[in-house]
Amino acid sequence: MNNRICLWCLKSNPQTTFDKKAHTIPKSLGGQNYNNNVCDACNEYFGNKQERNYSIEEALKEAFNISRNRFLFGQKTKKQVGKFRSRFFDIKTRKNKPRLSIKPAFRLDGNFQKQLCRDFKRGLYKMYFEELNRQRDLGYAEHYNAIRDFARSDRFDMPVFYFVKAVGLFTMLRSEAETPVLIFDRMLYLYSNDKFVEIEFLGHVFGFPTTYVSSDDIKSYINESLKTKQKHFRKFTLIEKLTDIDLALSILDTNN
Ligand SMILES: [Zn+2]
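Keep in mind that this is a model prediction, so the values were computed, not measured.

Colleague: Can you tell me about the nonpolar core, naming the residues and giving the values?
Modeller: Counting 61 residues, the largest nonpolar core has Phe64, Phe120, Leu124 and Phe206 as the members making the most contacts within it. The element that contributes the greatest number of residues to this core is helix 4 (residues 112-136), accounting for ten residues. Beyond its immediate chain neighbours, meaning those up to four positions away, Phe120 contacts Ala59, Leu60, Ala63, Phe64, Phe206, Ile239, Leu242 and Ile245.

So this is what it looks like as structure tokens:
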């Protein structure tokens, strides 16, 4: 227990402490797994409000809770619309499909959407990285410094691609919406290589590099990835704002 090394800052006892439980997927999102290799300082960093008045975990939670509640409650009655309330977004129904828009209070700040998206991406990396370490005992190699730099040190930028499904194709159980999990290599359409990984979380498919990459790396990754997706997916986007993601899962209704 005393020779733990923090996955993020690479410190160990007595330079840092490991007293608190660090949830990999935010508890507020229903996550139940811990990572024992996250020190208290790093755990607090992700959970505490930053200068932007929300924490990295909150950026993640606010976004994914919209999808999670869609799975849990559907959109049956008006009464339940309240369940989709979010700190940052309004969820309106247009043509019987839920649509997400940024709240007016945040619209004036032109930079807000961009910043929120960046922090969401950092949260996504955090969740992936801590689960990767927990499940596969990986993460200390230099290869992953890009993730440490971006998610923990808030340096540089890392691309995250979002793959839009062609049909409401979901392999989720209700219990999984209640307690979301990250299962690696679960579906054949999830592609990964030595520099990129794809994950599916609450019905959403994301792809991103796990290390520093060149634009040629990105091109060949996208090429290979799309081959595995074919008819299951409609398109992909490089996310720049959270409304690029179908968080309200409008696609759920097409098959119901
Ligand atoms: Zn640490």
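Colleague: How would you summarise the coordination of the zinc ion if you had to cite specific residues and measurements?
Modeller: Only Cys6 (SG), Cys9 (SG), Cys39 (SG) and Cys42 (SG) from the protein reach the zinc ion as donors, at distances of 2.3 Å. In this structure, the zinc ion is surrounded by four donor atoms whose angles at the metal cover 106 to 113°, and the resulting shape is tetrahedral. Of note, the zinc ion draws all its donor residues from one chain, in the sequence arrangement C-x2-C-x29-C-x2-C. Taken together, the residues Cys9 in the segment before helix 1 (40-47) and Cys39 in the segment before helix 1 connect sequence positions 30 residues apart.

Colleague: Would you mind going over the packing of aromatic side chains in detail, with residue names and values included?
Modeller: Inspection of every chain in the model, using the stated rule, returns 26 aromatic pairs. Ring geometry for Tyr54 versus Phe88: centroids 5.4 Å apart, planes at 70°, classification edge-to-face. Of this pair, Tyr54 sits in the loop between helix 1 and helix 2 (56-73) while Phe88 sits in the loop between helix 2 and strand 1 (89-94), and the two are 34 residues apart along the sequence. Here Tyr54 and Phe88 have matching classes, each one buried. Taken together, a centroid distance of 6.0 Å and an interplanar angle of 35° make the contact between Phe163 and Phe236 tilted. Of this pair, Phe163 sits in strand 3 (residues 161-165) while Phe236 sits in strand 6 (residues 233-238), and the two are 73 residues apart along the sequence. Pairwise contacts between aromatic rings join Phe161, Phe163, Tyr189, Tyr191, Phe196, Tyr221, Phe233 and Phe236 into one cluster. If you follow Lys126 out to its NZ or CZ, it ends over the ring of Phe46, 5.6 Å from the centre.

Colleague: An account of the pairing of strand 2 (residues 97-102) is requested, with residue identities and associated values reported.
Modeller: Walk down a regular strand and you will see the side chains alternate between the two sheet faces. Burial of strand 2 is one-sided: the residues Pro98, Leu100 and Ile102 facing one way are buried, the residues Lys97, Arg99 and Ser101 facing the other way are not. As paired strands, strand 1 and strand 2 are joined by six bridges and run antiparallel to one another. Residue pairing in the sheet places Arg94 in a bridge with Lys97 of strand 2. Here strand 1 folds back onto strand 2 in antiparallel fashion, the turn holding two residues, of which Lys95 has a positive phi close to 50°.

Colleague: Please set out the sheet that holds strand 5 (residues 204-209) residue by residue, giving values where relevant.
Modeller: As summarised here, the arrangement of the four strands in space is 4-5-3-6, forming an open sheet in which the pairing is antiparallel. Pairing within the sheet leaves two strands with one partner each, and these edge strands are strand 4 (196-201) and strand 6. On average, each strand axis in the sheet is inclined to that of its neighbour by 25°, with strand direction left out of account. Strand direction decides the pairing type here: strand 4 and strand 5, joined by six bridges, are antiparallel. Residue pairing in the sheet places Phe196 in a bridge with Pro209 of strand 5.

Calculation criteria
Numbers given for residues are sequential positions, taken from 1 along each chain in its written order. The model is predicted, so local features are restricted to residues of pLDDT at least 70 and side-chain atom pairs to those at 80 or more, both for listing and for counting; the totals for chains, interfaces and linings are taken over all residues. The side-chain values count all of the structure's non-hydrogen atoms but skip hydrogen atoms and water molecules. In these notes, a set of buried Ala, Val, Leu, Ile, Met, Phe, Trp, Tyr and Cys residues joined through side-chain atoms within 4.5 Å is what counts as a nonpolar core. Whether a residue is buried, partly exposed or exposed follows from its accessible area with a 1.4 Å probe, protein chains only, as a fraction of its type maximum: under 20%, in between, or over 50%, in that order. For the purposes of this entry, the term helix denotes a DSSP run of H or I that reaches at least four residues, the term strand denotes a run of E that reaches at least two, and both are numbered from the N terminus. Every residue pair with non-hydrogen atoms within 4.5 Å of one another is taken to be in contact. Metal-coordinating donors are taken as N, O and S atoms lying within 2.8 Å of the metal, or within 3.2 Å when the metal is Na, K or Ca; because water is left out, some sites can appear incomplete. A four-donor site is called tetrahedral if each angle lies between 85 and 135 degrees; a four-donor site is square planar, and a six-donor site octahedral, when trans pairs exceed 155 degrees and the remaining angles lie between 65 and 115; all other cases are labelled irregular. A pair of aromatic rings is counted whenever rings of Phe, Tyr or Trp (Trp by its six-membered ring) have centres within 6.5 Å, and the orientation is called stacked for planes under 30 degrees apart, edge-to-face for over 60 and tilted otherwise. Only lysine NZ and arginine CZ atoms are considered, and such an atom sits over a ring when it is within 6 Å of the ring centre and within 35 degrees of the ring normal. The rule for pairing is simple: two strands pair if DSSP sees at least two bridges between them. Between the N-to-C directions of two axes lies an angle of 0 to 180 degrees, each axis being a line fitted to C-alpha atoms and, for a helix, fitted only over the stretch in contact.

Limitation: the analysis is restricted to geometry and does not speak to function.
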